[in-house]
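Coordinate analysis (summary)
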Amino acid sequence: MTILTPNSPTAELQALDAAHHMHPFTHGAGLGEKGARIITRAEGCWLNDSDGNRILDAMAGLWCVNIGYGREELAEAAARQMRELPFYNTFFQTSHVPAINLAARLAELAPGDLNHVFFANSGSEANDTNLRMVRTYWQEKGQPQRQHVISRWNGYHGSSVGSGSLGGMKGMHAQGGMPIPGIHHIDQPYWYLEGGNMSEDDFGLARAQLLEEKILELGADNVAAFIAEPIQGAGGVIVPPATYWPEIQRIVDKYGILLIADEVICGFGRTGEWFGSQTMNIRPDIMTVAKGLSSGYQPIGASIVSDGVAKVIDGVEFNHGYTYSGHPVACAVALENLRLLDEEGIVTRARDETGPYLKAQFETLTDHPLVGEAKIVGHMGSIALTPDKASRARFAGEAGTAGFITRERCFANNLIMRHVGDRMIISPPLVISKEEIDTLIERARRSLDEAHAQLQ
Ligand code: PLP
């Protein structure tokens, strides 16, 4: 068999890819017709593809390469760890230095009394852990009937059966028997398309109060936890109205329900602070992390757990874990990533310098005829495409067509932006410079102009 290289011809790479490689969230047949875009190398915020294009990655991969591509220190950390101890597990009362150090560092970074870490390999796995952990917690607390978990429509918590059920993606639920029993969804705080004539603040309160209604419907003593992203990412970067999270916090406190903040996207500087929970001023009992934890250089996720929850879980043998929970190479890389994010001031610079600049520039897009609103917190933002700004109207025909057209124009202009329906989203590496932000906005604007012309 020929082994292809990054320098092999694109057509050959695409043909072999289409023949054997099944892609996530991809219409497989399309690969045979158009072929995948083959990314070969990356540096900073820039990708190279097999056709020699240089592409600005305004999505940081899949919202994860917070530190930017090409950091030698992370490659070195991986190589060092592979030589010293490439693998050992953390089951049955064994441990190793990278897992010990990383857990301690996460406890230091995480707010409040979130001092305990259960490792996984992804956000999906960490949310599966959370689902089992909160149910086990209540069982051990003598309230075994508290098994119901509430989450939100259009939230995203992963793609495994458990985490996909926690998520509220109807397209995912339509395939493969999800959601599993005991998981209930309430509507999202998405004012732009769902707020009607309400003010943003009133709408935020109304959507938060759906949680109380659901709790009362299920019986307050039957509910284990509420899970949500501080800011919905994959749902379209939906920034909740200011009234939403304080009301959610009031409700979970009132009924003594555990709050799980899914920080897989929001964590590690994406929203300006280390965690979205700090930006949104909430007090979770568990935080899910992944992505930015290693800046995507290694697959790793974790549940960061409060003293109170950990005490109960530590009181039993928790029959749960993954072969690669706390994988030494992934932990060593994550630890080095956190060191650089901190010591190089990447998180604080993103919060204080490039974040405000990005916000100011991104918000100028609202003067474009296609753009109904721009929402951005830190380094995650989205614009709503609309045929009529005044009424916040949807496009006639299939939702997402305008978004798809705009995304394809971005692709052609060597800019990676993603679309969720008719929202265009960005989540660039935190190391993006002001000049690169200017390039991002200029290419986005050009792509919007082209999409606008095409949609006429
Ligand atoms: N939670 C959130 C908020 C996410 O955005 C994602 C992935 O995008 C996940 C969980 C799942 O993480 P993974 O893809 O690493 O399993």
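Okay, so let's go over this structure. Predicted, not measured: the structure shown is a model, and the values here were computed from it. (Residues numbered from 1 in each chain as written. Predicted model: local features only at pLDDT ≥ 70, side-chain atom pairs only at ≥ 80, totals over all residues.)

Things to note about the site of the ligand
- Neighbouring the ligand are 16 residues, the closest being Ser 122, Gly 123, Ser 124, Gly 158 and Val 264.
- A total of three residues in the shell around the ligand trace back to one element, the largest contributor, which is helix H6 (residues 123-140). (Near = placed C-beta within 6 Å. Helix = DSSP H or I, 4+ residues; strand = E, 2+ residues; numbered from the N terminus.)

Some words on the sheet that holds strand E11 (residues 371-377)
- Spatial ordering of the open sheet is given by E11-E12-E15-E14, a layout of four strands whose pairing is antiparallel. Edge strands, defined here as strands with exactly one partner in the open sheet, are E11 and strand E14 (418-420). Mean inter-strand twist for the sheet, computed between neighbouring axes without regard to direction, equals 25°.
- Where helix H15 (residues 346-363) meets the sheet, its contacts fall on E11 and strand E12 (380-385), and the angle it forms with E11 comes to roughly 175°.
- Where helix H16 (residues 401-412) meets the sheet, its contacts fall on E12, E14 and strand E15 (423-426), and the angle it forms with E14 comes to roughly 180°. (Pairing = 2+ DSSP bridges. Axes fitted to C-alpha atoms, helices over the stretch in contact; angles between N-to-C directions. Contact = placed C-beta atoms within 7 Å.)

Structural notes on the sheet that holds strand E6 (residues 183-186)
- Judged by pairing direction, the sheet is mixed, and its seven strands sit side by side in the order E4-E10-E9-E8-E7-E5-E6 without closing on themselves. Among the strands making up the open sheet, the edge pair consists of strand E4 (114-120) and E6. Here the average twist between neighbouring strands, direction ignored, is 20°.
- Set on the sheet, helix H10 (residues 200-218) makes contact with strand E5 (148-152), E6 and strand E7 (223-228); between it and E6 the angle comes to about 145°.
- Contacting E4, strand E8 (258-262), strand E9 (286-289) and strand E10 (301-306), helix H13 (residues 307-314) runs over the sheet at an angle of about 100° to E10.

As for the environment of Ala 99
- As for its position among the elements, Ala 99 is in helix H5 (residues 97-109).
- Once the C-alpha coordinates of Ala 99 and His 327 are considered, the two residues, 228 residues apart in sequence, prove to be 7.4 Å apart.

Quick word on H16
- Here H16 contains twelve residues, and its C-alpha end-to-end distance of 17 Å stays within 8% of the 16 Å for a straight helix at 1.5 Å per residue.
- The complete set of buried residues in H16 reads Ala 402, Gly 403, Thr 406, Arg 407, Arg 409 and Cys 410. In a view along the axis of H16, the buried residues occupy a sector of 160°, so they form one face of it.
- Looking at the residues trailing H16, positive phi occurs at Asn 414, about 55°. (Expected span 1.5 Å × (residues − 1). Buried ≥ 20, exposed ≤ 12 C-beta atoms within 10 Å, placed from the backbone. Arc of directions from axis to C-beta.)

A look at unusual backbone geometry
- Cis geometry marks the peptide bond from Met 178 to Pro 179; its omega dihedral reads -5°.
- Locating Pro 179 in the fold gives a position in the loop between helix H8 (170-173) and E6.
- Not every positive phi belongs to a glycine, and Gln 93 is a case in point at roughly 60°.
- Mapped onto the elements of the fold, Gln 93 is located in the loop between helix H4 (72-84) and H5.
- Even without a glycine there, the phi angle at Phe 268 is positive, about 60°.
- Inspection of the secondary structure assignment puts Phe 268 in the loop between E8 and helix H12 (276-279).

Some details on the environment of Glu 200
- Here Glu 200 is to be found in helix H10.
- C-alpha separation for the pair Glu 200 and Pro 241, spaced 41 residues apart in sequence, amounts to 5.7 Å.
- When residues no more than four places from it in sequence are discounted, the contact partners of Glu 200 are Trp 191, Gly 195 and Pro 241.

A word on the nonpolar core
- Judged by nonpolar contacts, the single largest core of 125 residues is most densely connected at Ala 302 and Ile 304.
- It is helix H14 (residues 328-343) that provides the largest number of residues to this core, a total of ten residues.
- Apart from the residues lying within four places of it in its own chain, the contact partners of Ala 302 are Leu 106, Val 117, Phe 118, Phe 119, Ala 120, Ala 126, Val 289 and Leu 293. (Core = buried A, V, L, I, M, F, W, Y, C linked by C-beta atoms within 7 Å.)

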